[in-house]
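Observations on chain architecture
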Amino acid sequence: MGLRPNLLTRRAAGVASTTFALLLSTAAVGVVPAASAYSAAPDNTSCAEPANAHADARVRGGSKAAHKRHDPNELTAKQVQEREAEFAAALRNSALRSKSSYRTGSTEGVTVALAPITVPVVVHVIQRDSTRAGGNIPDSMINSQINVLNQAYSGATGGAATGFTFQLQKINRVTNTSWYPIVQGSPAERSMKTSLRTGGKNTLNIYLGELSDDLLGWATFPKRTLDVMDGVVVLGESLPNGTATNYNLGDTGTHEVGHWLNLYHTFQGGCSGSGDGVSDTPAEREPAFECPTGRDTCAAAGKDPITNFMDYTYDSCMYQFTPGQASRMVNAWTAYRASA
Ligand SMILES: [Zn+2]
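What counts as what
- Residues numbered from 1 in each chain as written.
- Predicted model: local features only at pLDDT ≥ 70, side-chain atom pairs only at ≥ 80, totals over all residues.
- Heavy atoms only, no water.
- Helix = DSSP H or I, 4+ residues; strand = E, 2+ residues; numbered from the N terminus.
- Buried < 20%, exposed > 50% of the residue type's maximum accessible area, 1.4 Å probe, protein only.
- Core = buried A, V, L, I, M, F, W, Y, C linked by side-chain atoms within 4.5 Å.
- Disulfide = S-S within 2.5 Å.
- Polar contact = N/O pair within 3.5 Å; in protein donor to acceptor, adjacent residues only side chain to side chain.
- Contact = heavy atoms within 4.5 Å.
- Pairing = 2+ DSSP bridges.
- Axes fitted to C-alpha atoms, helices over the stretch in contact; angles between N-to-C directions.
- Parallel < 35°, antiparallel > 145°, perpendicular 65-115°, else oblique.
- Left-handed = near helix turned anticlockwise from the far one by under 90°.
- Nonpolar A, V, L, I, M, F, W, Y, C, P; charged D, E, K, R; others polar.
- Salt bridge = Lys/Arg side-chain N within 4 Å of Asp/Glu carboxyl O.

This part is about the overall build of the protein chain. Looking only at helices and strands, the protein chain has eight helices and six strands in total. Each helix and strand of the protein chain, ordered N terminal to C terminal, gives the series α-α-β-α-α-β-α-β-α-β-β-β-α-α. Split into buried and exposed, the 340 residues of the protein chain put 54% on the buried side.

Within the largest apolar cluster, 32 residues are counted, with the highest numbers of intra-cluster contacts made by Y153, F164, F166, L204 and L208. Among the elements of the structure, strand 2 (117–127), helix 5 (139–154), strand 3 (164–175), strand 4 (204–209), strand 6 (232–235), helix 7 (251–260) and helix 8 (323–337) are those that each provide at least two residues to this core. Among the elements that line this core, the one with the most residues is helix 5, at six residues. Counting residues in each nonpolar core, the second largest holds 21 residues, with L211, L215, Y247 and C291 among its members.

So, on to the state of the cysteines. Across all of its chains, the model carries two disulfides by this definition. Residue pairing for C271: its cysteine sulfur links by disulfide to C298, the two sulfurs lying 2.0 Å apart. Taking the sign of the S-S torsion, about -85° here, the bridge from C271 to C298 comes out left-handed. A residue pair is termed long-range when its members are at least 10 positions apart, and C271 in the loop between helix 7 and helix 8 and C298 in the loop between helix 7 and helix 8 qualify at 27 residues. Look at C298 and you get buried, because its relative accessible area is 5%.

Right, let's talk about the side chain of D304 for a bit. Mapping D304 onto the fold places it in the loop between helix 7 and helix 8. Among the polar contacts made by the side chain of D304, one reaches the side chain of R295 at a distance of 2.7 Å. Non-local contacts of D304, meaning those with residues more than four positions away in its chain, are made with A283, E284, R295, D296, T297 and C298.

Attention now moves to the pairing of strand 4. The element strand 4 is extensively covered by neighbouring structure, given that six of its six residues are classed as buried. Neither face of strand 4 is open: one carries L204, I206 and L208, the other N205, Y207 and G209, and all of them are buried. Note that strand 2 and strand 4 share five bridges and pair parallel. If you follow V122 over to strand 4, its bridge partner there is N205.

Here we take up the packing of helix 5 against helix 7. Where helix 5 contacts helix 7, the axes come no closer than 9 Å and their chain directions differ by 55°. With respect to their mutual orientation, helix 5 and helix 7 come out oblique. Like other packed secondary-structure pairs, helix 5 and helix 7 cross with a definite hand, here right-handed. Where helix 5 abuts helix 7, its residues Q145, V148, L149, A152 and Y153 lie against D251, G253, T254, V257 and G258. For the contact of helix 5 with helix 7, a count of residues per class yields five nonpolar, four polar and one charged.

Right, let's talk about the pattern of salt bridges for a bit. When charged atoms on two side chains of opposite charge get close, those side chains can pair. This model, assessed by the stated rule, comprises 12 salt bridges. In this structure, R128 engages D129 in a salt bridge whose closest nitrogen and oxygen atoms are separated by 3.7 Å. Residue class for R128 comes out partly exposed when judged on its relative accessible area of 39%. D129 gets classed as partly exposed once you look at its relative accessible area, which sits at 28%. Put simply, R197 and D230 hold a salt bridge, and the shortest N to O gap is 3.1 Å. You can see R197 sitting in the loop between helix 6 (187–196) and strand 4 and its partner D230 sitting in the loop between strand 5 (215–220) and strand 6, a full 33 residues away along the chain. One network of salt bridges, in which partners are shared, links R197, D230 and R337.

And the structure:
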């Protein structure tokens, strides 16, 4: 196991070493149209579905069967190509707006000062009732989650300092059985977000609850126009001290916020093409589960980035973002979220 350097300081409770062998139910694809045409090819272009091009989901993995499953919202090569063109255009536009000097339309290589960026956070706790099993997780877990985000994004856990800090503004507790569990892509999810989402493009709305289909979470990628669906949905029990064995150190939150700041998975595109659009994350053929130290699935230089927050490994295995990812997130902030 490749334990993160400061695991002991981050870990609030012992983590069981047993394998969490929940499978992604086939029902998962039923609520996500884009997934219905999914094949094993990471760069499959046959299932472009614009409605799902801005979302991403993380699933609990660990069993051999789960290794063959895809994230229901994994992007196709075509979707990535379209998003990257849009990202470059948004960056150029924001540079014109601010009269700052972007040297190129590159979405990664631009030199950006990693000035502190404070992200206001609103947490919505979706509950079925007042019991813990009904979604009523304590404030202490939410505060711990914010700490995990701040450590991860500051580089304190071993990766690059990204410049982002997260400031909890409000915990909003909602008891509503029709929103519980939160079902990805459902009318109920839209209804929930329409009722609850607060703040501008810079405000991170996190929805916590029980999730459909063994999902750990999902997130929207940024857009130039604020969409009511914007935000991050996270399994409540994945927060630090939660019951989601192997996924209860809070890194589902870290991973999903990475998507919210425009990061792709490290396995995006597999071994070919531009991968995740970040040059310092070595290519990998497919998601890594558990903690396969030393794995190297592509001929290109570098071992698989299994310790990166944007892979699918256990929370105890992932502890870093790269400088390239930090730069990409800051550029995305400038392009999409910095201005009202
Ligand atoms: Zn993801």
